[in-house]
Amino acid sequence: MDFENVFSPSKRSSFNSCNAQYGLEPHLMFVEAWEALRKTMVYFRGQPVGTIAALDNSDEKLNYDQVFVRDFVPSALAFLMNGEPEIVKNFILKTLRLQSWEKKIDRFQLGEGVMPASFKVLHDPVRNTDTIMADFGESAIGRVAPVDSGFWWIILLRAYTKSTGDTSLAEMPDCQKGMRLILALCLSEGFDTFPTLLCADGCSMIDRRMGVYGYPIEIQALFFMALRCALVLLKQDDQGKELTDRIVKRLHALSFHMRSYFWLDLKQLNDIYRYKTEEYSHTAVNKFNVMPDSLPEWVFDFMPTYGGYFLGNVGPSNMDFRWFCLGNCIAILSSLATPEQSTAIMDLIESRWEELVGDMPVKVCYPAIEGHDWRIITGCDPKNTRWSYHNGGSWPVLLWLLTAACIKVGRPQIARRAIEVAELRLAKDGWPEYYDGKSGRYIGKQARKHQTWSVAGYLVAKMMLEDPSHLGMISLEEDKQMKPTIKRSSSWSF
Ligand code: GLC
């Protein structure tokens, strides 16, 4: 492709691609990515409403011909950054409509606030009509409702508002109601003893059984971020005020819980290693009765001297020591992580570069589970064999999250390095969904090609690095009121 031509003023209108600011030093891959992203746009009655998950015609489509809520997020950010908010607004309104559908799995009715995992536009060429079909978990593998969709929806609504300055969308009574319904689902009272959100396996990006049930970090971090976004977006009428009070209380408890019990660094690891068990009452140090024998061998070498991360999961006698990319990046972006913790997460990524980035950024989780554990935890899932797919696979989409987190912590050079690694292969390999192998050297066993969020993730990473002011739409500053009053070194161990 000839850059000069693609970006010459006469061609720009027909090319209809990116803003001039990105046209100055056009990069072939960047241009190709924009072209690829535009091809994935899905229309409903003539209006763009989302992007299809993958444009891979070579493989069985399954549900990759649908618009996924979580997959659309990087597409939406790319469009917002490029000054094209229309598709994002339409998407927000369309999914809001879908939320109000009656949702049933067999004879059981789902909560009113549940947002779909995905939807599909069906076009009837004879009648020339469009209809929509949505999946709230009733068609998904494992029949799990997507807990993350509602959170992403709120986060996207704030990104749209922040980027366009248009508050009218969020202020619409329907949008306020949609938000309240999502919040009602996750703030409802029950038997909980923790402020974290209890959920089933496979209810987020990792949408298959992978031992992420209970209190997985991805959901907790998204929950925290969505609550903070809702605080900004909720109108202060009677209903809004009441909800605001509940959100503030929950945020307070949630940040304390996560920062103290999910945080792992060398000191904390050493404390757990020396834990006593079977303690009773409020004086217990080992509050969750975690058995030091359950500490996996790998974690001792993995933990650098400087650095740390949020654990994968914490529950009764259960700590999942795996490192998860999405949850840790969202923890940074939402300021769930304190500035010290954010820096420590970056230190860890730098020290464990080979393991977490290797030949393709970024590992969805580390390490893989194998052998007996794989059998028990995944239920012998052939798609999630070790170092593949959700089980330690490398997902290019995560590049945008890593980049955003790096910029927030003031370490953009880490993101630059990761982007350079991705640029060596991503376009050449046809934008795969994921890569396999310990260092991500192989295109994933069943990875789709032309996976939209791999394309969009790359674009967002590039645009954000080019113009870090974009970070504001997806990042929240630290709320001083949530600062822990107790110093970690004295009484934060458990
Ligand atoms: C896979 C991923 C899921 C994604 C979907 C569509 O199922 O696990 O996170 O939303 O594909 O790309």
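Please read all numbers here as calculations on a predicted model, not as lab measurements.

Peer 1: I keep staring at unusual backbone geometry and nothing clicks. Help me out?
Peer 2: Peptide bonds are trans in most cases, and residues, glycine excluded, mostly fall at negative phi. Here Pro 361 and Val 362 are connected by a cis peptide whose omega angle stands at -10 degrees. Here Val 362 lies in the loop between helix 16 (353-356) and strand 11 (365-366). The residue after Tyr 366, namely Pro 367, is reached through a cis peptide bond having omega -10 degrees. Even without being a glycine, Arg 45 presents a positive backbone phi close to 45 degrees. Within the secondary structure layout, Arg 45 lies in the loop between strand 1 (41-44) and strand 2 (47-51). Exposure remark for Arg 45: the relative accessible area of 59% places this residue in the exposed category. Phi angles above zero are rare outside glycine, and Glu 278 is one such case at about 55 degrees. Positionally, Glu 278 belongs in the loop between helix 12 (266-273) and helix 13 (298-302). On the basis of relative accessibility, which here comes to 60%, the residue Glu 278 falls in the exposed class.

Peer 1: Would you take a moment to explain the confidence of the model for the protein chain for this structure?
Peer 2: Detailed reading of the predicted model is not advised wherever pLDDT is low. Averaged over every residue, the pLDDT of the protein chain is 91; residues scoring 70 or more account for 92%. In the predicted structure, residues 1-26 sits below a pLDDT of 50 and forms 44 contacts with residues beyond four places in sequence or in another chain. Counting contacts from residues 485-494, a segment whose pLDDT is below 50, to residues more than four positions away or on other chains yields 24 contacts.

Peer 1: I would appreciate a short explanation of the pairing of strand 2 in the present structure.
Peer 2: Counting buried positions over the five residues of strand 2 gives four, a clear majority of the element. Here four bridges tie strand 1 to strand 2, and the two strands are oriented antiparallel to one another. Bridged to Tyr 43 within strand 2 is Pro 48. Connecting strand 1 to the next strand, strand 2, in antiparallel fashion are two residues, including Arg 45 with a positive phi near 45 degrees.

Peer 1: What is the right way to read the sheet that holds strand 7 (residues 129-135) from this model?
Peer 2: Pairing between the strands of a sheet comes from backbone hydrogen bonds, and it takes one of two forms, parallel or antiparallel. Across the sheet, three strands lie side by side as 3-6-7; this open sheet has antiparallel pairing. At either margin of the open sheet sits one strand with a lone partner, and together these are strand 3 (67-68) and strand 7. Bridge analysis of strand 3 against strand 6 (residues 118-124) gives two bridges, and the strand direction is antiparallel. Each residue of the ladder has a partner; that of Val 67, found in strand 6, is Phe 119. Lying over the sheet, helix 6 (residues 86-99) contacts strand 3, strand 6 and strand 7, oriented at roughly 95 degrees with respect to strand 6.

Reading guide: rules and limits
Along each chain, residue indices are assigned from 1 in the same order as the chain's sequence is written. Thresholds applied to this predicted model are a pLDDT of at least 70 for local features of residues and 80 or more for the giving and counting of side-chain atom pairs; totals over whole chains, interfaces and linings are not thresholded and use all residues. Excluded from the side-chain calculations are hydrogens and water; all other atoms, namely the structure's heavy atoms, are used. Labels follow the DSSP assignment, with helices taken as runs of H or I lasting at least four residues and strands as runs of E lasting at least two, numbered in each case from the N terminus. Burial classes follow relative accessibility: with a 1.4 Å probe on protein chains only, a residue under 20% of its type's maximum area counts as buried, one over 50% as exposed, and anything between as partly exposed. Residue-level confidence of the predictor is summarised by pLDDT, bounded by 0 at the bottom and 100 at the top. Every residue pair with non-hydrogen atoms within 4.5 Å of one another is taken to be in contact. Here, a strand pair is defined by DSSP locating no fewer than two bridges between the strands. Note on method: axes are straight lines fitted to C-alpha atoms, helices fitted across the in-contact stretch only, with angles between N-to-C directions ranging 0 to 180 degrees.

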